[in-house]
Amino acid sequence: MSTALSSQPRVVIIGAGFAGLAVAKALGDKPVQVTVLDRTNHHLFQPLLYQVATAGLSPANIAQPVRGILRQYKNIEVLMADVTGFDLEKKLVLAGERSVPFDYLIVATGARHSYFGHPEWEQFAPGLKTLEDALDIRRRLLLAFEKAEVTSDPVERERLMTFVIVGAGPTGVEMAGAISEIARETMLRDFRHIDPREARIILLDAADRVLPVFDAELSRKAEEQLRHLKVTVQLGVSVQDINAEGVSTKDSFIHARTVIWAAGNAASPLVKSLPGTFDRAGRIQITEALNLPDAPCIYVIGDTALSLGKDNKPLPGVSPVALQQGAHAARNILAQIEGKPLKPFAYWNRGSMATIGRHRAVADVNFAKFSGTLAWLAWVFIHLVFLMDFRNRLSVFLIWVWSYFTRDQGARLITGKK
């Protein structure tokens, strides 16, 4: 089955994340025919995914149907399909029995968590990239407290109430802080046989400081805020093994029934079907114009691409990079169609933020570095602004206001297999 042919240039976008949608919006109502392919029907606001995993928000608060986002553009069609490969000679995207022709191709398929050669760890330590991941982690977290409430074995209770997060980057730090707050504040009066404040939250990383991509002073302040939340921070510790009983390090074994992986990413394996050079994370090398050296009609952007910044270091896999790359790729495609020269991509780094809990965050916005309440308020504002839909902005704002004053997390629902 093939899509209908068009007299206009055909642009196919694989992936409806930040990068893919940025391209689609920039090409909306332009003289091109655009097809967006994604294996799900929704766009996910990943920066708030950890709040779904820790029962702060519901999935609908941070996801929106792709068709709803793009329905105003008459030149864009959206297809829910799982892309399996390419026929580059015929310029076709292959998705099961469907083949989608293209003149220009955008690959923005994102990344998954990497276990550094130990895929068997995933069943014991899920990562956090999709709504399914978040709901699985939420189920594991809440079930641990429920099981601790009914067990009469103090050793087993201690294991159930020990939570290990591997990786002290932004995701790991945010998860650790959120778990501590839900245990010590939200569920404080919910149980009769356990005291949730006795939960142990352990944050592990092989690096010598938390949030290593931040300024050293901000990293120090972030660690202080984590310790204030009673999070045990263990740095310079590498994981040797993870199983159903817990986490093994070089010097000890941590007994824990719940382990969360936030230590590494790998590009979508689909990109391996393209011609090029790859790094250890599976990202493909692209030109300054964001296309492939040997296939200039194919662009790779977002977490899937190895794109270098002004310091000649790979750009981070964050939403601002994806958004800027998406808009730039669209401009270059329109330039190609018109026979104009392509322009190199230059990332404008507006800064970085990470939240740790109520009134706790760190921010580096180039002209200033700050932490605490001011950084937390800035984080709240920025994330509300970048939510795709006004309805989501309003609902998340009201939920956060309610949680702020009541210290209640309303999405504490256990779903799925127990």
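Residues numbered from 1 in each chain as written. Predicted model: local features only at pLDDT ≥ 70, side-chain atom pairs only at ≥ 80, totals over all residues. Heavy atoms only, no water.

Caption draft 1: Main features of the sheet that holds strand β15 (residues 246–249). The strand order across the open sheet built from three strands is β14-β15-β16, with neighbouring strands paired in antiparallel fashion. The sheet terminates laterally at β14 (239–243) and β16 (253–255), the two strands that pair on one side only. Each strand axis lies, on average, 15° off the axis of its neighbour in the sheet, ignoring direction. Relative to β15, β14 runs antiparallel, the two being bridged by four bridges. Bridge assignment links Ile242 to a residue of β15, and that residue is Val247. (Pairing = 2+ DSSP bridges. Helix = DSSP H or I, 4+ residues; strand = E, 2+ residues; numbered from the N terminus. Axes fitted to C-alpha atoms, helices over the stretch in contact; angles between N-to-C directions.)

Caption draft 2: Inspection of the side chain of Glu181 at higher detail. Residue placement: Glu181 occurs in helix α6 (residues 170–186). In this structure, Glu181 is in contact with Thr186, Leu229, Gly357, Arg358 and Arg360, ignoring residues within four places of it in sequence. (Contact = heavy atoms within 4.5 Å.)

Caption draft 3: Spatial organisation of the sheet that holds strand β7 (residues 92–95). Spatial strand order, β6-β7-β8: three strands in an open sheet with antiparallel pairing. The sheet terminates laterally at β6 (85–87) and β8 (98–101), the two strands that pair on one side only. Strand-to-strand twist of the sheet, defined as the mean angle between neighbouring strand axes without regard to direction, takes the value 30°. In the sheet, β7 pairs with β8 via four bridges, with the strands oriented antiparallel. Bridge assignment links Leu94 to a residue of β8, and that residue is Ser99.

Caption draft 4: Examining the pattern of salt bridges more closely. Counted by the stated rule, this structure contains 18 salt bridges. Here Asp136 ties to Arg140 by a salt bridge, and the two come within 3.2 Å at their closest N and O atoms. Note that Asp136 and Arg140 are positioned in helix α4 (residues 131–150) at a spacing of four residues, about one turn of the helix. Residue classification places Arg140 among the partly exposed positions, given a relative accessible area of 23%. Residues Lys340 and Glu338 are paired through a salt bridge, measuring 3.0 Å at the closest nitrogen-oxygen approach. What emerges from the salt-bridge pattern is a single network uniting Glu156, Arg159, Glu245 and Arg257. (Salt bridge = Lys/Arg side-chain N within 4 Å of Asp/Glu carboxyl O. Buried < 20%, exposed > 50% of the residue type's maximum accessible area, 1.4 Å probe, protein only.)

Caption draft 5: Structural detail: helix α8 (residues 319–337). Helix length check: α8, at 19 residues, gives a terminal C-alpha distance of 27 Å against a target of 27 Å (1.5 Å per residue), a fit within 8%. Looking at α8, one finds that the buried residues are Val321, Ala322, Gln324, Gln325, Gly326, His328, Ala329, Ala330, Asn332, Ile333, Leu334 and Ala335. The inward-facing, buried residues of α8 contact β1 (10–14), α1 (18–27), β9 (104–107) and β21 (295–300). Immediately downstream of α8, the backbone of Gly339 shows phi near 75°, a positive value. (Expected span 1.5 Å × (residues − 1).)

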